[in-house]
Amino acid sequence: MAVDIDGLNKKIMQESIFVSKLLNEISNVLVGQRYVLERMLIGLLSDGHILLEGLPGLAKTLAVKSLASSIQADYKRIQFTPDLLPADIVGTLIYNPQSCGFAVKKGPVFANIVLADEINRAPAKVQSALLEAMQEKQVTIGDTTYELPKPFLVMATQNPIEQEGTYSLPEAQVDRFMLKLKVSYPDKADEKVILEIMTHAIPKINSVVSLSEVQKAKDLIEQIYVDDKVKNYIVDIVFASRNPEEYGGLKDLKNLIAYGASPRATINLTLAAKTYAFLQGRGYVIPEDIKIIGHDVLRHRILVTYEAEADSITSDDIIDKIFGGVEVP
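Engineer: I'd like to hear about the overall build of the chain, residue by residue, with values.
Structural biologist: In terms of helices and strands, the chain carries 14 helices and 11 strands. Each of the 329 residues in the chain was classed as buried or not, and the buried ones make up 48%. For the chain, long-range pairs separated by at least 24 residues make up 79% of all intrachain contacts whose partners lie at least 6 apart in sequence. On the chain, roughly 16,200 Å² of surface is accessible, and the fraction owed to carbon and sulfur atoms is 51%.

Printed below as a string of structure tokens:
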């Protein structure tokens, strides 16, 4: 079936105008985090959850809260602690002595945007309760299953430097996050702007986009064209992470990769690339989109060997080599 690329481009140019409006509004509070903001939008518009990793004080929580405020979304924040219970996340049944029956008390997971702050501070049972909701988009309390609101997006944060009193997310659970973002320090100029903003009355974030506009954009993103050559490129990248010896210049990676990316990587690379193309006002995906979003989709899905760790080689280094070794269509 022929695709009207020109018509799609014009439609997307019109419908993606809200993106710059949204980013500009949040930038009034969040300085120097354009990368994080764009990736959060990609997660929101692709129905993909996000894991943010960064040192304390880098405005991870502020970024999530600001996004929720700007799109008129219901927002809940859960501070993960070692004594948290699954019921504290999803909800429970409360006995009502007056009616001699049980009433449902829904947990904070029933929101459009849920911030799981320091998710690695809670034990596996609590992490699993949230991750099940992420995967199934529903929660069972008692004998009844409740659908979660739409859109539903989980943004989890974790501190990479603290190991004591934390519970690392199992790799199979980390794989359920569409993107893993590494939040870094701002540069000198941005730090001064942060000083100016945060030492005075912090500007209020206004709602500039409605949830109906978000849904409309999601429906349009599904129509974005991905050529067969680009699809093959995505598959080659994922397969190169599993069998690098099959790709000429990547033979040396065989002893550096313990486990390659899962099929979720193939799906999420495609979805994220389509959404990134939408953010650029384009109705089709190009290989450069895959490279730009690739690290965020793959870095938590490629596990390196002890040999690689001993040589201080990270999954990001592996991804760089894969992109350099797989032929671009």
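Engineer: An account of the layout of surface pockets is needed here, citing residue identities and associated values.
Structural biologist: Rolled over the atoms, a probe as big as a water molecule pinpoints where empty space is left. Space inside the largest pocket adds up to approximately 630 Å³. What lines the largest pocket is a set of 26 residues, among which Glu53, Gln158, Glu171, Lys180 and Arg299 lie closest to the centre. Mapped by element, the contributors of at least two residues to the lining of the largest pocket are strand 1 (50-54), helix 7 (171-174), strand 9 (179-183), strand 11 (303-304) and helix 14 (315-325). Broken down by class, the residue content of the lining of the largest pocket amounts to eight nonpolar, 10 polar and eight charged.

Engineer: Give me the lowdown on the pattern of salt bridges, citing residues and values where you can.
Structural biologist: Counted by the stated rule, this structure contains 15 salt bridges. Arg39 is paired through a salt bridge with Glu38; the nearest N and O atoms lie 3.6 Å apart. Here Arg39 and Glu38 have matching classes, each one buried. Between Arg301 and Asp175 there is a salt bridge, with its nearest N and O atoms 2.6 Å apart. Taken together, the positions of Arg301 in the loop between helix 12 (287-298) and strand 11 and Asp175 in the loop between helix 7 and strand 9 put the pair 126 residues apart, joining distant regions of the chain. There is no split in this pair, since Arg301 and Asp175 are both buried.

Engineer: Summarise the side chain of Asp316; cite the residues concerned and give the values.
Structural biologist: Residue position: Asp316 is located in helix 14. With a relative accessible area of 13%, Asp316 lands in the buried category. A distance of 3.2 Å separates a polar atom in the side chain of Asp316 from a polar atom in the side chain of Arg299. Ignoring anything within four residues of it in the chain, the contact list for Asp316 reads Lys182, His295 and Arg299.

Engineer: Lay out a nonpolar patch on the surface in plain terms, naming residues and giving numbers.
Structural biologist: Together, Leu93, Tyr95, Phe102 and Val104 line one region of the surface with nonpolar side chains, adding up to about 390 Å² of accessible area. If you trace the backbone, Phe102 turns up in strand 4 (residues 101-106).

Engineer: Account for the environment of Gly260, with residues named and values stated.
Structural biologist: Within the secondary structure, Gly260 sits in the loop between strand 10 (257-259) and helix 11 (263-279). Expressed as a C-alpha distance, the spacing of Gly260 and Leu303, which sit 43 residues apart in the sequence, is 6.6 Å. Setting aside chain neighbours within four positions, we find Gly260 in contact with Ser241, Arg242 and Arg301.

Engineer: How would you summarise unusual backbone geometry if you had to cite specific residues and measurements?
Structural biologist: Omega for the bond connecting Lys150 with Pro151 falls within 30 degrees of zero, at -5 degrees, which places this linkage in the cis form. Its place among the elements puts Pro151 in the loop between strand 7 (144-147) and strand 8 (153-158). Positive phi values are uncommon outside glycine, yet Gln72 reaches one of about 55 degrees. Mapped onto the secondary structure, Gln72 falls in the loop between helix 4 (60-70) and strand 2 (75-79). Residue classification places Gln72 among the partly exposed positions, given a relative accessible area of 47%. Within the chain, Ser312 stands out as a residue other than glycine whose phi angle is a positive 60 degrees. Within the secondary structure layout, Ser312 lies in the loop between helix 13 (306-310) and helix 14.

Engineer: Kindly report on the sheet that holds strand 1, identifying the contributing residues and their values.
Structural biologist: Spatial strand order, 2-5-8-1-9: five strands in an open sheet with parallel pairing. Because the sheet does not close on itself, it has two edges, and the strands there are strand 2 and strand 9. Between one strand and the next, the sheet's axes are offset by a mean angle of 20 degrees, whatever the strand orientation. Pairing of strand 5 (residues 113-117) with strand 8 involves four bridges; the strand directions are parallel.

Engineer: Tell me about the side chain of Glu25, and name the residues and values.
Structural biologist: Of note, Glu25 is situated in helix 2 (residues 17-27). In this structure, Glu25 is buried with no salt-bridge partner, the nearest side chain bearing the opposite charge being Lys204 at 9.3 Å. Polar side-chain contacts of Glu25 include one of 2.9 Å to the backbone nitrogen of Asn206. Apart from residues no more than four positions distant in its own chain, Glu25 is found in contact with Lys204, Ile205, Asn206 and Val208.

Engineer: Which residues make up helix 2, and what are the values?
Structural biologist: For an α-helix the count is 3.6 residues per turn, leaving residues at separations of three or four pointing the same way. Every buried residue of helix 2 is listed here: Phe18, Val19, Leu22, Leu23, Glu25 and Ile26. Angular distribution of buried residues about the axis of helix 2 spans 160 degrees; they occupy a single face of the element. Looking at the buried side of helix 2, the elements it contacts are helix 1 (5-15), helix 3 (34-46), helix 4, helix 9 (211-221) and helix 11.

Parameters at a glance
Residues numbered from 1 in each chain as written. Predicted model: local features only at pLDDT ≥ 70, side-chain atom pairs only at ≥ 80, totals over all residues. Heavy atoms only, no water. Helix = DSSP H or I, 4+ residues; strand = E, 2+ residues; numbered from the N terminus. Buried < 20%, exposed > 50% of the residue type's maximum accessible area, 1.4 Å probe, protein only. Contact = heavy atoms within 4.5 Å. Areas by Shrake-Rupley, 256 points an atom, 1.4 Å probe, with all protein chains shown as cover. 1 Å grid on protein atoms, 1.4 Å probe; cavity = no way out; pocket = protein on both sides within 12 Å on 5 of 7 lines; lining within 4 Å. Points joined across faces, edges and corners; volume = space filled by probe spheres on them. Nonpolar A, V, L, I, M, F, W, Y, C, P; charged D, E, K, R; others polar. Salt bridge = Lys/Arg side-chain N within 4 Å of Asp/Glu carboxyl O. Polar contact = N/O pair within 3.5 Å; in protein donor to acceptor, adjacent residues only side chain to side chain. Patch = residues over 30% accessible without salt bridge, like charges linked within 9 Å, V, L, I, M, F, W, Y side chains within 5 Å. Pairing = 2+ DSSP bridges. Axes fitted to C-alpha atoms, helices over the stretch in contact; angles between N-to-C directions. Lys, Arg positive; Asp, Glu negative; His and termini not counted. Arc of directions from axis to C-beta.

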